[in-house]
Each structure stands twice: as structure tokens, then as C-alpha cells.
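Below, each chain spelled out in residue letters.
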Amino acid sequence: MPGTQRCLCCFKYLMFGFNLIFWLGGCGLFGVGVWLSFTQAEFSSLPLSFPSLSAANLLLVAGGITMVTGFLGCLGALKEQRCLLITFFGILLVLVVTEVTLALVVHIFHDEMDARAQRDLKEGMEAYVSNPELKKSWDFVQKKFKCCGATNKTDWYGVLNGTLPGSCCSVEAADCDEGWSEPCYQKAKQWLLDNIPSVLVFGCCIGVVQILALIFSMMMYCHIRHAEKNLD
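Scoring rules and cut-offs
Residues numbered from 1 in each chain as written. Predicted model: local features only at pLDDT ≥ 70, side-chain atom pairs only at ≥ 80, totals over all residues. Heavy atoms only, no water. Axes fitted to C-alpha atoms, helices over the stretch in contact; angles between N-to-C directions. Helix = DSSP H or I, 4+ residues; strand = E, 2+ residues; numbered from the N terminus. Parallel < 35°, antiparallel > 145°, perpendicular 65-115°, else oblique. Contact = heavy atoms within 4.5 Å. UniProt positions renumbered as here; feature names shortened; annotations may be inferred. Core = buried A, V, L, I, M, F, W, Y, C linked by side-chain atoms within 4.5 Å. Buried < 20%, exposed > 50% of the residue type's maximum accessible area, 1.4 Å probe, protein only. Expected span 1.5 Å × (residues − 1). Arc of directions from axis to C-beta.

Details of the packing of helix α3 (residues 82–108) against helix α4 (residues 110–124)
Link 1 in the chain: One can describe the packing of α3 onto α4 by two numbers: an axis separation of 4 Å at closest approach and a directional angle of 75°. With respect to α4, the element α3 is oriented roughly perpendicular. Facing α3, whose interface residues are Val105, Val106, His107 and Ile108, α4 presents His110, Glu112 and Met113.

Structure follows, in C-alpha cells:
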């Protein structure tokens, strides 16, 4: 077997292996997103800026795109088609650049995003009385996290005429006076941070695989092109 063919065969199986791992990683991210969506179903009436809901949606989108991209890479490696390989390379490059950009945006505008999310939650609280599903979600959140209000328990005063909902107290009652002092946004955010480290480590591993898949796809593309020129 000529040297070029041996190299091409090597790159083919290496790229297939990396993309299989990449695809499985996408399945994992999507699965975690589905798990979060089901376990936090009681929060579904809250604004999407609520930490666990936004994390679930992000993981579902990222996992879905990763699965499709990984499948395309596996197919391109097996078929040895330059068109599929360059398409895979382009999509994966856009995906990597988007991930890096999002990470930088979250890091730089962290405080602004927090403030906006809390403002959305406070605005959503105004429908607590008129929206039974929203009321159910807020009551569940406050009981689960032992918290009260989005940023402070005083958030309820303007909504409930200076009173607190019964779910703000350890024993739910119509005349809840004191209520828990901790805000729900911070408690939910902390709960998410406590449960997300393994997902972040997994995401970093997927990032390394993405970089290697980019390198191998371009090298395989070049070898296929070189082999086709030699045949001509």
C-alpha cells in the first residue's frame, strides 16, 4: 500500500474515532439537558432567564448541534468525501468560535446578565395572582430552595399589597409575615453551580475533541485531495 494511502487510512479511522466520541458527547449533553428539563418542569412557567431553565435549554441546543455535527464527521470519514469533510470542518469551526465567544461574553458581561435575569423574574412576578401556573411555579421554587422573592422578599410587597405569599414561610399560611430572607435567584444559581462541575469538565473534554477533529478533518481533506491528484 502506498504511503499516501496508508496515511489516508490512518486519518480516516482516527477521525471516525474522534467523531464517534464527539457524537457520544453530544448525546451526553443532550441527555443532561433533558434531565434538567424534566426535573425542573415545575419551573416551566418562570421566565427562561431562571438559571436552571436557561441551562437546560442551552444543553439541549448544544447537545443537538454536537450530535448532528459528530454524525456528519463520521459519515465524511467513512465515505472519504471532500464535500462532507469541508462542510463538517466549517460547521465545527463555527461551533467552536461560537462556544469561545459565548464563554467570553458570559465572563465579561456576567453582572449585566445577572441583573437582566433578575429584572425579568421580578417583572414576571406581577402575574402571580392572575396566572395559576406561574403561581404554582413560584410556590414550588420558594418551598424547594427556602427562599423568598427574586432578589429580596420585599419584591412581593408591590405584587401582594405589602404581604408575602404563604410559600415564603416554612409552614405555609395565609399570614406569612417574616418569610425566608434569601433571594430565589441566588439560591437557584448556587444550586446550579453546585451540580454543574461534572458537566463543565465533560464540556472541556468535548472541546479538546472538537479541536482534534478540526485538525484531523483538514489533514484528511488534504490527503484525499493529494490522492485524487496523483490518480489524475
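Section: the UniProt feature "transmembrane region" (unreviewed entry) in the chain
Link 1 in the chain: Per the UniProt annotation, the sites labelled "transmembrane region" (unreviewed entry) are residues 20–38, 58–78, 85–109 and 199–222.
Link 2 in the chain: A distance of 27 Å separates the end C-alpha atoms of residues 20–38, which is 100% helix and 0% strand.
Link 3 in the chain: The span residues 85–109 is 96% helical and 0% strand by assignment, and the distance between its end C-alpha atoms comes to 35 Å.

Things to note about the nonpolar core
Link 1 in the chain: The biggest cluster of nonpolar side chains holds 21 residues, and the ones touching the most others in it are Trp138, Cys148, Trp156, Leu164 and Cys168.
Link 2 in the chain: Secondary-structure elements contributing two or more residues to this core are α4, α5 (132–145) and α6 (184–195).
Link 3 in the chain: Judged by nonpolar contacts, the second largest core, of 20 residues, contains Leu72, Leu85, Leu214 and Ile224.

Comments concerning α4
Within an α-helix, residues lying three or four positions from one another point in the same direction, as the helix has 3.6 residues per turn.
Link 1 in the chain: In a regular helix each residue adds 1.5 Å, so 15 residues correspond to 21 Å; α4 covers 21 Å between its end C-alpha atoms and thus fits that length.
Link 2 in the chain: Within α4, the full set of buried residues consists of Asp114, Ala117, Gln118, Leu121 and Gly124. Looking straight down α4, one finds that the buried residues subtend no more than 120° of arc, so they occupy a single side. Of the residues in α4, the exposed ones pointing more than 90 degrees away from the buried face are Asp111 and Arg116.

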